[in-house]
Amino acid sequence: MRPPGSRPSVGRVLQKTASPPPVTDLAIPHAEGVSNEDFRAAMSRLASGVVLVTAHDPDDGPRGEDVGMTATAFTSVSLDPPLVLISLRNGSRMDDLLTEVPVWAVSVLSENQRHVAGRFSMKNRVSDRLLFADLPYTRGGASGAPLVGGALAVLECRTENRVVAGDHTLVVGRVLTAGASPADGSGPLTYFQGKYRQLGR
């Protein structure tokens, strides 16, 4: 445990906020006739891009710890100002962390990074420290979060709003930095019918 009142030395952007952004509860019961299985089957026909959401927890250990989560529910929201949205399962480590840490990052994974998506989608893991151990990344200057090497694009974000929607929370983030990798012919990693796939396959 960190002594009371102490802070990590990695910079102000990594300090946890005193209070989370406002939350609106939009949870409503299932519509009659819509089962979990029917809903999952219908939505599995929607192909999605795959991203790695990352953040740095400054209070976990001597120098803090990096946290990562594979996600397919990620989209742009606005150009002016630049806003994006990520959907997080309520009670997940990333959801809990982003109620306190205001900044985070997103790496848009390429078709060659299926192994990255797989390792960060494992459930019931105790720590992410080993998952980052052999992963090439740089640390974002605005967020302090890992930006995965070889990703098609990377963004750093600051949480603007949180909206509880059923069993997930929609986190809207203002984009602080954005960069795209040079075109090398690599396509995006996609998720379709419960499997990671390459574009057009």
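Now for a description of the structure that goes with this document. (Residues numbered from 1 in each chain as written. Predicted model: local features only at pLDDT ≥ 70, side-chain atom pairs only at ≥ 80, totals over all residues. Heavy atoms only, no water.)

**Overview of the pattern of salt bridges**
(1) Moving on: Using the criterion set out here, one finds seven salt bridges in the structure.
(2) Moving on: When the shortest N-O distance is used, the salt bridge between D95 and R162 registers 2.6 Å. Residue D95 is located in helix 2 (residues 93–98), and its partner R162 is located in strand 10 (residues 153–165); the two are separated by 67 residues in the primary sequence.
(3) Moving on: R162 sits in the buried class, given a relative accessible area of 4%.
(4) Moving on: A salt bridge links R174 to E160, with the nearest nitrogen and oxygen atoms 3.4 Å apart. (Salt bridge = Lys/Arg side-chain N within 4 Å of Asp/Glu carboxyl O. Helix = DSSP H or I, 4+ residues; strand = E, 2+ residues; numbered from the N terminus. Buried < 20%, exposed > 50% of the residue type's maximum accessible area, 1.4 Å probe, protein only.)

**Topic: the layout of surface pockets**
(1) Moving on: Considered as a void within the structure, the second largest pocket measures approximately 230 Å³ in volume.
(2) Moving on: What lines the second largest pocket is a set of 11 residues, among which G64, E65, D66, R129 and R139 lie closest to the centre.
(3) Moving on: Among the elements of the structure, strand 4 (65–71), helix 4 (129–133) and strand 8 (137–139) are those that each provide at least two residues to the lining of the second largest pocket.
(4) Moving on: It is helix 4 that provides the largest number of residues to the lining of the second largest pocket, a total of three residues.
(5) Moving on: Tallied by class, the residues present in the lining of the second largest pocket amount to four nonpolar, two polar and five charged. (1 Å grid on protein atoms, 1.4 Å probe; cavity = no way out; pocket = protein on both sides within 12 Å on 5 of 7 lines; lining within 4 Å. Points joined across faces, edges and corners; volume = space filled by probe spheres on them. Nonpolar A, V, L, I, M, F, W, Y, C, P; charged D, E, K, R; others polar.)

**Concerning the nonpolar core**
(1) Moving on: In this structure, V53, I86, L88, M94 and W104 are the most contacted members of the largest nonpolar core, which totals 20 residues.
(2) Moving on: Counting residues per element, the ones that place at least two in this core are strand 3 (51–57), strand 4, strand 6 (83–89), helix 2, strand 7 (103–108), strand 10 and strand 11 (168–180).
(3) Moving on: Beyond its immediate sequence surroundings of up to four residues, V53 is in contact with V67, G68, M69, A71, I86, M94, W104, A105 and V106.
(4) Moving on: The next biggest cluster of nonpolar side chains, apart from the first, holds 12 residues, and it includes L109, L131, L135 and V148. (Core = buried A, V, L, I, M, F, W, Y, C linked by side-chain atoms within 4.5 Å. Contact = heavy atoms within 4.5 Å.)

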